[in-house]
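Each chain, letter by letter, is given below.
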Amino acid sequence: MYNFEFVKPSTVAEAVAALKDEGAQALGGGQTLLPTMKQRLASPETLVSLSGIAEMIGVNAAGGTVTIGGATSHAAVAAQAGAYPALAALAGGIGDPAVRNRGTIGGSVANNDPAACYPSAVLASGATVVTNAREIAADDYFQGMFATALEEGEIITAIRFPVPQAANYQKFEQPASRFAMAGVFVAKYADGVRVAVTGAGNDGVFRWAEAEAALSANFSPAAIEGLSLSGDDMIGDVHGSGAYRAHLVKVLTKRAVAACG
Amino acid sequence: MPKDGIGASTKRREDIRFLTGAGNYTDDINIHGQTYAHFVRSDVAHGKINNIDTSAAEAMDGVIKIFTAADFASAGGIPCGWQVTDRFGQPMQEPKHPILAEGKVRHVGDPICVVIAETLEQARDAGEAIEIDIEELEPVLNMKDALKDGATKVHDDLTSNLCYDWGFVEENRDAVDAAIKSAHHVTTLELVNNRLVPNPMEPRVAVGHYARANDEYTLYTTSQNPHVIRLLMGAFVLGIPEHKLRVVAPDVGGGFGSKIYHYAEEAFVTYASKVINRPVKWTSTRSEAFISDAHGRDHVTKIELAMDENYMFTAVRTDTYANMGAYLSTFAPSIPTWLHGTLMAGNYTTPLVYVNVKAVFTNTVPVDAYRGAGRPEATFQLERVIDKAAREIGMDPAELRRRNFIKPEQFPYQTPVAVMYDTGNYHATLDKALEMTDYANFDKRAAESKARGKLRGYGLAHFIEACGIAPSNLVGQLGARAGLYESATVRVNATGSISVFTGSHSHGQGHETTFAQVVAEMIGIDVSQIDIVHGDTSKTPMGMGTYGSRSIAVGGSAMVRATEKIINKAKKIAAHLLEASEADIELKDGKFSVAGTDKSVEWAGVTLAAYVPHNYPLENLEPGLEETAFYDPANFTYPSGAYVCEVEVDPDTGKVDILGFTAADDFGNVINPMIVAGQVHGGVAQGIGQALLENTVFDENGQLLTGSFMDYAMPRASDMPSFDVDHSCQTPCTHNPLGVKGCGEAGAIGSPPAVVNAVIDALQRGGYNVDHIDMPVSPSRVWAAMQQG
Amino acid sequence: MKITMTVNGKTRSGEAEGRTLLVNFLRDTLGLTGTHVGCDTSQCGACVVHVNGQAVKSCTMLAAEADGAQVSTIEGQAAPDGTLNTIQQAFQDHHGLQCGFCTPGMVMSATALLKENPKPTEAEIRHYLEGNICRCTGYHNIVKAIMAASGQDVGAIAAE
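Parameters at a glance
- Residues numbered from 1 in each chain as written.
- Chains lettered and ligands numbered in written order.
- Predicted model: local features only at pLDDT ≥ 70, side-chain atom pairs only at ≥ 80, totals over all residues.
- Helix = DSSP H or I, 4+ residues; strand = E, 2+ residues; numbered from the N terminus.
- Buried ≥ 20, exposed ≤ 12 C-beta atoms within 10 Å, placed from the backbone.
- Contact = placed C-beta atoms within 7 Å.
- Rg over C-alpha atoms; globule rule 2.2 N^0.38 Å.
- Core = buried A, V, L, I, M, F, W, Y, C linked by C-beta atoms within 7 Å.
- Nonpolar A, V, L, I, M, F, W, Y, C, P; charged D, E, K, R; others polar.
- Domains from an automatic or database assignment.
- Pairing = 2+ DSSP bridges.
- Axes fitted to C-alpha atoms, helices over the stretch in contact; angles between N-to-C directions.
- Expected span 1.5 Å × (residues − 1).
- UniProt positions renumbered as here; feature names shortened; annotations may be inferred.
- Parallel < 35°, antiparallel > 145°, perpendicular 65-115°, else oblique.
- Left-handed = near helix turned anticlockwise from the far one by under 90°.
- Right-handed = clockwise from strand over helix to strand, strands pointing away.
- pLDDT = per-residue confidence, 0-100.

## Some details on the overall build of chain C
Next, step 1: The secondary structure content of chain C amounts to five helices and five strands.
Next, step 2: Secondary structure elements of chain C, listed N to C terminal, follow the sequence β-β-α-β-β-β-α-α-α-α.
Next, step 3: Dimensions of chain C, computed from the C-alpha atoms along their principal axes, are close to 55 × 35 × 25 Å.
Next, step 4: Across the 160 residues that make up chain C, the buried fraction comes to 66%.
Next, step 5: Contacts spanning at least 24 positions in sequence make up 58% of the contacts within chain C whose residues lie at least 6 apart.

Set out below in structure tokens:
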């Protein structure tokens, strides 16, 4: 990879300051960024590690909300987010154990890989993305593949998840990368059901409005039966066509609802 | 009888270093003053090189020298080790394979120039600064299109993209056609044998070290056969005489065929080291491996199986297109021909076989042997078409196989495709596998799966392979440009310990343990007294290396012959010491004794006498105890076996879960059952990988879409079941001293059809009219087939 | 920059660039070549080491991130006299390795697994090894070795 200057601030304020430099980029767990840099596909002049910022690490559950620091590893979420079991389970299924020990929720959500797991949880939960500068509603945050509402140099310091009455995440893995070929997060709240789909959509994570409406009226797998998604809006690649992914989304949605019990 | 002799599951001695981080792999070798090579490779599949401007790159920090094809004007091309003659008696078309691209690039990954710098990152930086002007040409990708009149040519100096059009047995062509025409029933299947990337976990590495002081070259390389590399590179590419060229293949992290071949990078670092007078190291990244290691398989085939009214096979006819890629890798031409066509009789008495193979050049990475090499392709066609035939005629697939099997009393059996099987008992392995898998109660299990909403299937395949390659005179007639003997030197030390120098190479097979077990058994001393040395041309006699399940069958035989010579000489010494007739000397449990007396001398007493020959028959016996043998096999060996796969298909997603995999193999005699089982496990996993997961896909521009582990699906632990393997059915090989057949490739040969047959069975039982799905049988392909069926 | 870490109980220092990966620091700077590199996409797991007690892929972590950390590698697993530890011994006993290239990462992952879950089921072992690729063994004997190292009956894994 190209060389860069490495800095490791210990507060959000220091990190924000460091990121003001031309060519500076934030480094979460590095599980996506470092492989990208190894391929010389990214060339930051400065990497600002967020791993030493204590205020950005940890899981807090209070008043029906689970708040996760942006630099919290997937492994920590899996172990500590018991107040939101579906979220903890999702975190415990990302990548592999070594990746989960390094990868962070902030890094994943900032990157917004179309096949990443976390964006579906954030969107289905109607979570709030908290940055050093502001709070962003999930519905405003995701703006297409690898695109988000984050400004240059803005850091995700935490994500706040309202805990649903019931929720479940179902992932069908791409056989090589083990990222989601399709992943569906269903979350049932008092005011309705939210369904977010990752891995499948051409524009990245999205809410499946028809399923949400049907499930809000009748929270059972049968409610999905008559629905369908168009394969044209889905990713088609060597692992499966758009039509196959559209089919998977429906299957996984039913399974997620069934698993909610 | 030593406790760690033949038949013992002796623990592997090599494990100690691998388990403690003390292995010595090529990338662990760093030589003082070492420089780093970075290959700048083509990013287009086919193009004309108009200009290469290295001036800016040469001025960059740390750059020592940049090489292009012009630097290799005096070197030869990378040679091909096998010349196939086509069905009209003409030699194959054989294009030059330059070390660095000359004028044209022919696949993504084709090396164009190389930067040598003080550090790897400097070399990469400079590589990016080289300006290469390439005019893109239409890529040749589809094999059938490549053979059409007027098709763009991969090699302008060849008459077409056809390497050869091979027919076997050509004299049977008309008879086979007639038999198929007059058959009671003909089953036809068209299929693809998917291209695979071998992906041993250790990427290739080469370190070249030229010592000007004595004009000697050393190449450290990740090779399965260092002497083959020395011969090919020394004699044909660089013109370095053998005594000045040492090739060392230290610990090698898996090969599976992909480390047999002589690669451009090896010749490059060796040559460049002399030019810059410093050591040169090249370490492949995994991404680079995907576009520079030889790939495997990639056949498109139509097979027809003819049967009479008793459902006896009367003829097999196949029509195969075999992808060679852009250049001929070392053994590429032999794979779809002699390692494939000669196996098309399978385990059956089919009297007439005709195999046609058209080998085609395309703008893709070269294709060569990968675990099994030709034999998996043959087995897959045959075992799939038999399964389809059984379904068509409504017969149990096991029964259809059984009635067509060569019977135990028919061995040795001359097939219609040149090879003669020495031994086998296919009924025994089939019965064993059916018993191990409780075939009789499968329906109950299928019903239980159905109750859970899953489709259960049972897939059977039987296989034969020809390995222990190979009789040199035979392969010479077939076009091999090398002998395929093996060698061993057994050096007995004065105090009785032994160093065996073998031409076989161990890169996971455990030779250091199993070879020692054989010698321990023969002499009757403890296995710890024996060391196995391999992988260094300066130490071992000229040997041909490890591939084709040949190590114990050919290399082991050479070692046995050398050890026999040792024992014969030691008996003479013992006879002298014991003042007895040599004919009366017996060797048992490490002790020489005179038959019928209590006179004896220990092994170490004899070996000491050989090196301290005070009381020694010097007048008619040389001192010392060291013997070399070269062993050239009289025939191939023919392992066989029955493989059963049981699967569950999720009808909602098309995902296939393997519930069980059973292998009942006949490997002849077995030296170390633990290691043999491990070889089967690994082979089966690679076969399951081919069947369900692995695929190599180029897009319409010739770009490799599956160029990393992100898209090329390597089998993981969670994809695999526990395996149930058995090798109790043993019909020992009749023509080698150990009666062994070889076990390295079997798993990869027998498993793909078993898996696919199981999936088809599951779908058929579930009411889906699906009779074939091409590999990999991925969830999306299963789902798509279910939509049609 | 100068990096200092405790590797297998000993304090080790060396120069590193920002881009120096932990695996390169271990292999090239400290000469600990037991940790291997088998891919460049963070999937094969041949490079797994422990940093502050957690398994990580050392090819996907900067050396600078491990400054001041406790690192353990395959070289530190056997007893000082060379005696294999329980997991290493189980890998030998059950033929859980062939070419040996993935082995360091397998052993380090197995160690992490048994620390988290001392009596894993076969399915849990297979799932935990998601990030460790072996091309030789088909995983059967690796799973068996880990099961044995956990003190459980390996009869649950089908006979070979």
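Here the narrative resumes.
## Side note on the overall build of chain A
Next, step 1: In terms of regular secondary structure, chain A is built from ten helices and twelve strands.
Next, step 2: Taking 2.2 N^0.38 as the reference for a compact globule, 261 residues should give roughly 18 Å; the C-alpha atoms of chain A span a radius of gyration of 18 Å, in line with that estimate.
Next, step 3: By principal-axis analysis of the C-alpha atoms, chain A measures approximately 55 × 45 × 30 Å.
Next, step 4: Out of the 261 residues in chain A, the part that is buried amounts to 57%.

## A word on the nonpolar core
Next, step 1: Residues Leu87, Ile159 and Val186 of chain A together with Ala37, Val519 and Val759 of chain B are the most contacted members of the largest nonpolar core, which totals 405 residues.
Next, step 2: With 14 residues, the top contributor of residues to this core is helix H15 (residues 551-578) of chain B.
Next, step 3: Residues in contact with alanine 37 of chain B, not counting those within four places in the same chain, are Val114, Ile116, Ala123, Phe268, Val269, Ala272, Val280, Lys281 and Trp282 of chain B.

## Digging into the interface of chain B and chain C
Next, step 1: Contacts between the two partners involve 45 residues from chain B and, on the opposite side, 47 residues from chain C.
Next, step 2: The class makeup of the residues in the side of chain B that touches chain C is 20 nonpolar, 16 polar and nine charged.

## What to know about the domain arrangement of chain C
Interface size is often expressed as the accessible area that is lost when the parts come together.
All names here are of chain C.
Next, step 1: By domain assignment, chain C separates into domain 1 (2-76) and domain 2 (86-152).
Next, step 2: For domain 1 and domain 2, the distance between their C-alpha centres works out to 21 Å.
Next, step 3: Taken together, the contact between domain 1 and domain 2 spans 14 residues of the former and eleven residues of the latter.
Next, step 4: The biggest single contributor to the side of domain 1 that touches domain 2 is strand E3 (residues 48-51), with three residues.

## Comments concerning unusual backbone geometry
Residue and element names in this part refer to chain B.
Next, step 1: Proline 412 follows phenylalanine 411 through a cis peptide bond whose omega is -5°.
Next, step 2: Take proline 412: it is sitting in the loop between helix H10 (397-404) and strand E16 (413-414).
Next, step 3: Residues isoleucine 469 and alanine 470 are joined by a peptide bond in cis, for which omega reads -5°.
Next, step 4: Of note, alanine 470 is situated in the loop between strand E18 (455-464) and helix H13 (472-477).
Next, step 5: Although it is not a glycine, aspartate 298 adopts a positive phi angle of roughly 70°.
Next, step 6: Tracing the sequence through the fold places aspartate 298 in the loop between helix H8 (286-292) and strand E13 (299-307).

## Examining the domain arrangement of chain A
All names here are of chain A.
Next, step 1: As assigned here, chain A comprises domain 1 (5-49), domain 2 (54-162) and domain 3 (166-260).
Next, step 2: Between the C-alpha centres of domain 2 and domain 3 there is a distance of 19 Å.
Next, step 3: Contacts between domain 2 and domain 3 engage 20 residues on the former and 24 residues on the latter.
Next, step 4: Counting residues per element, the ones that place at least two in the side of domain 2 that touches domain 3 are helix H4 (85-91) and helix H7 (118-124).
Next, step 5: If one sorts the elements of the side of domain 2 that touches domain 3 by residue count, H7 sits on top with five residues.
Next, step 6: Among the residues forming the side of domain 2 that touches domain 3, the class breakdown is 13 nonpolar, seven polar and no charged.

## Describing the sheet that holds strand E25 (residues 626-631) of chain B
Residues and elements named next belong to chain B.
Next, step 1: Spatially, four strands are ordered E21-E20-E19-E25 in an open sheet, and the strand pairing comes out mixed. Whereas interior strands pair on both sides, the edge strands pair on one side only; in this sheet they are strand E21 (530-533) and E25. In this sheet, adjacent strand axes meet at a mean angle of 15° when their direction is disregarded.
Next, step 2: With four bridges joining them, strand E20 (residues 498-502) and E21 adopt parallel strand pairing. Counterpart to phenylalanine 501 in the pairing with E21 is valine 533.
Next, step 3: Sitting on the sheet, helix H14 (residues 511-523) touches E20 and E21, and the angle it makes with E21 is about 135°.

## So, helix H6 (residues 226-238) of chain B
Residue and element names in this part refer to chain B.
Next, step 1: Taking 1.5 Å of rise per residue, 13 residues should cover 18 Å, yet H6 covers just 16 Å from first to last C-alpha, more than 12% shy of that figure.
Next, step 2: Burial analysis of H6 places eleven of its 13 residues in the buried class, which makes it a mostly covered element.
Next, step 3: Along its buried surface, H6 packs onto strand E10 (216-221), strand E11 (245-248) and helix H7 (264-276).

## Description of the environment of leucine 248 of chain A
Next, step 1: Counting through the fold element by element, leucine 248 of chain A comes out in helix H10 (residues 242-260).
Next, step 2: Placed 216 residues apart in sequence, leucine 248 of chain A and threonine 32 of chain A show a C-alpha to C-alpha distance of 25 Å.
Next, step 3: Residue contacts for leucine 248 of chain A: discarding those within four places in its chain leaves Phe172, Met181, Ala182 and Ala200 of chain A together with Thr653 of chain B.

## A word on the UniProt feature "domain: FAD-binding PCMH-type" (unreviewed entry) in chain A
Next, step 1: The positions that UniProt labels "domain: FAD-binding PCMH-type" (unreviewed entry) are, in the present scheme, residues 1-166 of chain A.
Next, step 2: Helix and strand shares over residues 1-166 of chain A are 31% and 21% respectively, and the end C-alpha atoms of the span are 44 Å apart.

## Topic: the interface of chain A and chain B
Next, step 1: Of the residues lining the interface, twelve residues belong to chain A; the matching set on chain B comes to 16 residues.
Next, step 2: With four residues, H10 of chain A is the largest single contributor of residues to the side of chain A that touches chain B.
Next, step 3: Here the side of chain A that touches chain B is built from residues that sort into seven nonpolar, five polar and no charged.

## Quick word on the packing of helix H17 (residues 673-693) of chain B against helix H18 (residues 746-765) of chain B
All names here are of chain B.
Next, step 1: Where H17 contacts H18, the two axes come as close as 7 Å, and the packing angle between them is 40°. With respect to each other, H17 and H18 are oriented oblique. When the axes of H17 and H18 are compared, the crossing they make is right-handed. Note on element contacts: H18 touches H17 through Ala746, Gly747, Ala748, Ser751, Pro752, Val755 and Val756, opposite Gln679, Val680, His681, Gly682, Gly683, Val684, Gln686, Gly687, Ile688, Gln690, Ala691 and Leu692.
Next, step 2: Classifying every residue of the contact of H17 with H18 gives ten nonpolar, nine polar and no charged.

## Re the pairing of E11 of chain B
A regular strand carries its side chains on alternate faces of the sheet.
Residue and element names in this part refer to chain B.
Next, step 1: With four bridges joining them, E10 and E11 adopt parallel strand pairing. Following the sheet pairing, leucine 219 is matched in E11 by valine 247.
Next, step 2: At this point the chain moves from E10, through H6, to the parallel E11, and the crossover so formed is right-handed.

## Focus: the packing of helix H9 (residues 375-393) of chain B against H18 of chain B
Residue and element names in this part refer to chain B.
Next, step 1: Look at H9 against H18: their axes get within 8 Å of each other, and the N-to-C directions meet at 25°. Comparing the axis directions of H9 and H18 gives the class roughly parallel. Relative to H18, H9 is oriented so that their crossing is right-handed. Contacts between H9 and H18 involve Arg375, Pro376, Thr379, Phe380, Glu383, Arg384, Asp387 and Arg391 on the former and, on the latter, Ala748, Ile749, Gly750, Pro752, Pro753, Val756, Asn757, Ile760 and Gln764.
Next, step 2: Class assignment for the residues of the contact of H9 with H18 results in eight nonpolar, four polar and five charged.

## Looking at the confidence of the model for chain C
Next, step 1: Of the residues in chain C, 98% have a pLDDT of 70 or more, and the chain-wide mean is 96.
Next, step 2: ipTM for the predicted complex: 0.98, alongside a pTM of 0.97.

## Here's the deal with H15 of chain B
Residue and element names in this part refer to chain B.
Next, step 1: Its 28 residues place the ends of H15 37 Å apart at the C-alpha level, agreeing with the 40 Å of an ideal helix rising 1.5 Å per residue.
Next, step 2: With 22 of 28 residues buried, H15 lies mostly within the body of the structure.
Next, step 3: At the C-terminal side of H15, glutamate 579 shows a positive phi close to 55°.

## Here we look at the sheet that holds strand E27 (residues 656-666) of chain B
All names here are of chain B.
Next, step 1: Taken together, the four strands give an open sheet; going across it, the order is E18-E26-E27-E28, and neighbouring strands pair in mixed fashion. Here the strands that pair on one side only, and so sit at the sheet edges, are E18 and strand E28 (723-726). Adjacent strand axes in the sheet meet at a mean angle of 10° when their direction is disregarded.
Next, step 2: Two elements, E27 and E28, share four bridges in a ladder whose sense is parallel. Paired with threonine 662 across the two strands is aspartate 724, which belongs to E28.
Next, step 3: Sheet strands touched by helix H12 (residues 442-451): E18 and strand E26 (640-649). Its angle to E18, the strand with the most contacts, is close to 140°.

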